[in-house]
Amino acid sequence: MINTILIKNGEEKDLHTINSDGTWLSSFFKEFRKRFISLLSICFTDFSPHMAFSLLCMNSTGGTSFDTMNLQENKKPLSRQELNFLLSDIDLLRLSHYSRNMTDFNLISDLLPIIANIYFNGRLNGQQQQTTSFSLDLGQAAILLGVGLQRKSVDFVAKELELPIEQGYALLNKSIRRLSNHFDTICRDSIELDSIMEEKSETKNNSKRIKVSHFDVEE
């Protein structure tokens, strides 16, 4: 049995008593989505991927356009340091090998909940880094949700989506390939940024040494 809470739109003056800028509903929806993601493998495993996905992809105004970009709105992008905390270099290598059909699905199945949480919590937004925003296709996202967040087998999710099992594995492989490539881009951008910062620091230090040397000559 599912308890439902209905929210009635109030008058404009009532909204401003809750939040001066009228964004209380958006904040409420973000909190709901975060908790819903955490509970998909516990309380909502019986939900079909279609139902769970439709709830996650709605925007805060109640739109049901199934726009996967809604998942990436106004979130802090994943940094290289955070990615390294969640996925080791060996983990990233395993994902890369699977995406290129170089290893078996069982060797990366433990990583699916991690990468699914990263994606569905909107951490692949590229607004604050060189990396562009990332979004999976509907089919790829649905299979990742069922396997990664609801902890179902690929066979079972494919059946729920009314797809051949082979197509289910193919969609999952494509989603992991795109995610793996995006993770590689995050790592590459971080290395390039570190290199730029190091060059700037070295240039600044050289400039200081030149000034000190010039001062000594004058003395």
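Residues numbered from 1 in each chain as written. Predicted model: local features only at pLDDT ≥ 70, side-chain atom pairs only at ≥ 80, totals over all residues. Heavy atoms only, no water.

- Going by the annotation in an unreviewed UniProt entry, the name recorded for the protein chain is Possible tRNA binding domain-containing protein, with Meloidogyne enterolobii given as the source organism.

## What to know about the pattern of salt bridges
Alright, step 1. Under the counting rule described, the total for this entry stands at seven salt bridges.
Alright, step 2. Between Glu 31 and Lys 34 there is a salt bridge, and its shortest N-O distance comes to 3.5 Å. Taken together, the positions of Glu 31 and Lys 34, both in helix α2 (residues 24-39) and three residues apart, correspond to about one turn of that helix.
Alright, step 3. Look at Glu 31 and you get partly exposed, because its relative accessible area is 39%.
Alright, step 4. Taking the relative accessible area as the measure of exposure, Lys 34 reaches 43% and is therefore partly exposed.
Alright, step 5. The closest approach of N and O atoms between Arg 80 and Asp 89, which form a salt bridge, is 3.2 Å.
Alright, step 6. What makes Asp 89 partly exposed here is its relative accessible area of 48%.
Alright, step 7. Taken together, the salt bridges that share partners define one network made up of Asp 91, Arg 94 and Asp 110. (Salt bridge = Lys/Arg side-chain N within 4 Å of Asp/Glu carboxyl O. Helix = DSSP H or I, 4+ residues; strand = E, 2+ residues; numbered from the N terminus. Buried < 20%, exposed > 50% of the residue type's maximum accessible area, 1.4 Å probe, protein only.)

## Considering unusual backbone geometry
Alright, step 1. Positive phi, normally seen in glycine, also occurs at Asn 101, with a value near 60°.
Alright, step 2. For Asn 101, the location among the structural elements is in the loop between α5 (89-99) and α6 (112-120).
Alright, step 3. Although it is not a glycine, Arg 151 sits at a positive phi angle of roughly 60°.
Alright, step 4. Tracing the chain through its elements places Arg 151 in the loop between α7 (138-149) and α8 (154-160).
Alright, step 5. Of the residues examined, Arg 151 reaches a relative accessible area of 56% and is grouped as exposed.

## A word on the packing of helix α3 (residues 49-57) against α7
Alright, step 1. Closest axis-to-axis distance for the α3/α7 pair is 10 Å, and the angle between their directions is 105°. In terms of axis orientation, α3 runs roughly perpendicular to α7. In contact with Pro 49, Ala 52, Phe 53 and Leu 56 of α3, α7 contributes Leu 138, Ala 141, Ala 142, Leu 145 and Leu 149.
Alright, step 2. Looking at the contact of α3 with α7 residue by residue, the class counts come to nine nonpolar, no polar and no charged. (Axes fitted to C-alpha atoms, helices over the stretch in contact; angles between N-to-C directions. Parallel < 35°, antiparallel > 145°, perpendicular 65-115°, else oblique. Contact = heavy atoms within 4.5 Å. Nonpolar A, V, L, I, M, F, W, Y, C, P; charged D, E, K, R; others polar.)

## Regarding the confidence of the model for the protein chain
Keep in mind that low pLDDT regions are not for reading the predicted coordinates in detail.
Alright, step 1. In this model, the protein chain carries an average pLDDT of 78, and 66% of its residues clear a pLDDT of 70 or more.
Alright, step 2. The lowest-confidence element of the protein chain is helix α1 (residues 12-18), averaging 46 in pLDDT; the highest-confidence one is α8, averaging 95.
Alright, step 3. Low pLDDT, under 50, characterises residues 10-17; the predicted model gives this stretch two contacts beyond four residues in sequence or across chains.
Alright, step 4. With pLDDT under 50 throughout, residues 127-131 is counted as low confidence; its partners more than four residues away or in other chains account for twelve contacts. (pLDDT = per-residue confidence, 0-100.)

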